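# Per-entry structural report
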Amino acid sequence: TDGAHSRGFITPEAGTIAQILQSHGYRTSATGKWHLTPYAEMQDSFEGRENWPSGKGFQNYYGWLHGWTDQYNPSGHGQEMMEGDYLAQEANPGGDHVSEEIVNRAIEYLGDGFASSPEQPQFLYLAFGAAHAPIQVPKRYIDRYAGVYDKGWDVLREERFARQKQMGIIPVNAVLTARHGDDPAWHDLSPVEKTVYAHFMATYAGFIEHTDEQIGRLVNYLKDVGQYQNTLIFLMSDNGAAPEAGVDGNFTRPYGPDITVEEMLTRLDDLGSERSSALYQRPWARVGATPFKKYKLWPFGGGVRDPLIITWPEMILDKGGIRSQFVETIDITPTVLDILQIDPPEQIDGINQMDMHGASILETFNIPKAPPARNTQCYCMRGIGGIYHDGWKAVAFHDCGMCFDDDGWELYVV
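Report on the accompanying structure. Model, not experiment: these values are computed from the prediction.

All right, on to helix α5 (residues 153-167) then. In a regular helix each residue adds 1.5 Å, so 15 residues correspond to 21 Å; α5 covers 21 Å between its end C-alpha atoms and thus fits that length. Residues of α5 that are buried include every one of W153, D154, L156, R157, F161 and Q164, and no others. Buried residues of α5, seen end-on, are gathered within an arc of 165° and therefore sit on one face of the element. For α5, the exposed residues lying more than 90 degrees away from the buried face are E158 and Q166.

Here is the structure:
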């Protein structure tokens, strides 16, 4: 349950980029998923707001504090939408998909700033519910992918691998990792399973396309108001593709007991609608993590290697260029501060700050072969640890409750 695992928060000794930029005159806004507030503090009746967006440097906020939300009914099922420091008076007022509504709010917050203080710089954090479960999107988006995934996860993974090489995203000598032993081969599935599972992935693809359209709306807004050229955008995912639904996938959890594959077939028109709360089958996560091993929840490449797209038309001249330097999320704040020539603060609100653990990657923007800013990074997820150093990576296998001294390790050149 949320109460069991949502206990973490950002320590005050690690001030956010929003806190730093606000102290330097920026207008700061956030919309969408937060998931950095302990469960016990999520209700608007709770007095403290230290771990809400407003307590972490954001002047404007509209979104949800939980790890996920229904994309059509965001204030149902005990997962209320929040606005500022309180329960939103009219959550999702237009009845739109949540992805649409949080972009509407983002544009509203930016527009208010441009109108009231046109010279004031702005910082926006936009966190979509997509493509986290539940995969929900209007049917017209799903229909666009009818038949696309009928080939199945094994063939599509091989095709995706070949396309990645063609595009230069992975080296030409890269090797595709083997299918995991607990994931079935597509050709071993029944006709019913193939029909249902392919429709799940069509729904996911429609969800992604819809999300892409919302990002496009925000970009087009910035162009319309003449702000795009001077806007620095980081676009990234927070983890690898999700395996939590298992081999059969999930149609209705957590709203009720799940249904059989045969029952899913009779309800395919519900998939993606408010009548479902779905997540695709685990082997599709292996496709999403191509060419890497494992998926979300693991520190292997499939769990921690994600796309990072950076655009800054006024300054990045190598448009469409691909970079292969080692970069981690913690490098983004130092990069922004480097661009703005802002020194990391020694204190925020009277609290001494820890040293920045990341490093600026600004040099890579226009120098393809710039040396990596860092060469060491640790990972840990549910007791499973990993460490990257200078082209090598070691990953430990750990069973919860067991002694860490008994972990088995694997070593890779990456």
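Having seen the model, we can carry on.
For the structure shown, the criterion picks out 16 aromatic pairs. Following the ring pairs from residue to residue traces out a cluster consisting of Y149, W153, W186, Y197 and W284. Seen from the ring of Y62, R105 lies directly overhead, with NZ or CZ sitting 3.8 Å from the centre. When the ring centre of Y228 is taken as reference, the NZ or CZ atom of K223 above it lies at 5.0 Å.

Now for the nonpolar core. Counting residues in each nonpolar core, the largest one holds 52 residues, and the members touching the most others are Y149, Y197, F200, Y280 and W284. When residues of this core are traced back to their parent elements, those giving at least two are β2 (60-64), α3 (98-116), α4 (139-143), α5, α6 (191-224), α7 (261-266) and α8 (282-288). Sort the elements by how many residues they give to this core and α6 lands first, with 13 residues. If sequence neighbours within four positions are ignored, Y149 has contacts with L156, W186, A198, M201, A202, A205 and W284. The next biggest cluster of nonpolar side chains, apart from the first, holds 19 residues, and it includes Y26, A30, I342 and I348.

Right, let's talk about the state of the cysteines for a bit. Any covalent bond linking the sulfur atoms of two cysteines counts as a disulfide. Counted by the stated rule, this structure contains zero disulfides. Take C380: it sits in no disulfide, and the sulfur closest to it among the cysteines is that of C378, at 9.4 Å. Note on C403: no disulfide assigned, nearest cysteine sulfur contributed by C400 at a separation of 14 Å. According to the relative accessible area criterion, C403 is partly exposed, its value standing at 39%.

Turning our attention to unusual backbone geometry. Residue A131 is reached from A130 by a cis peptide bond, and omega for that bond is 0°. Positionally, A131 belongs in the loop between β5 (122-127) and α4. Along the chain, A133 connects to P134 via a cis peptide bond; the corresponding omega equals 0°. With respect to the secondary-structure elements, P134 resides in the loop between β5 and α4. Look at K294: it is not a glycine, yet its phi comes out positive at around 65°. Turning to its location among the elements, K294 is positioned in the loop between α8 and α9 (301-304). Of note, the phi angle at L297 is positive, near 85°, even though the residue is not glycine. When you line up the elements, L297 lands in the loop between α8 and α9. Its relative accessible area of 17% is what places L297 among the buried residues.

What counts, and at which threshold
Residues numbered from 1 in each chain as written. Predicted model: local features only at pLDDT ≥ 70, side-chain atom pairs only at ≥ 80, totals over all residues. Heavy atoms only, no water. Helix = DSSP H or I, 4+ residues; strand = E, 2+ residues; numbered from the N terminus. Expected span 1.5 Å × (residues − 1). Buried < 20%, exposed > 50% of the residue type's maximum accessible area, 1.4 Å probe, protein only. Arc of directions from axis to C-beta. Phe/Tyr/Trp six-rings, centres within 6.5 Å; stacked < 30°, edge-to-face > 60°. Lys NZ or Arg CZ within 6 Å of the ring centre and 35° of its normal. Core = buried A, V, L, I, M, F, W, Y, C linked by side-chain atoms within 4.5 Å. Contact = heavy atoms within 4.5 Å. Disulfide = S-S within 2.5 Å.

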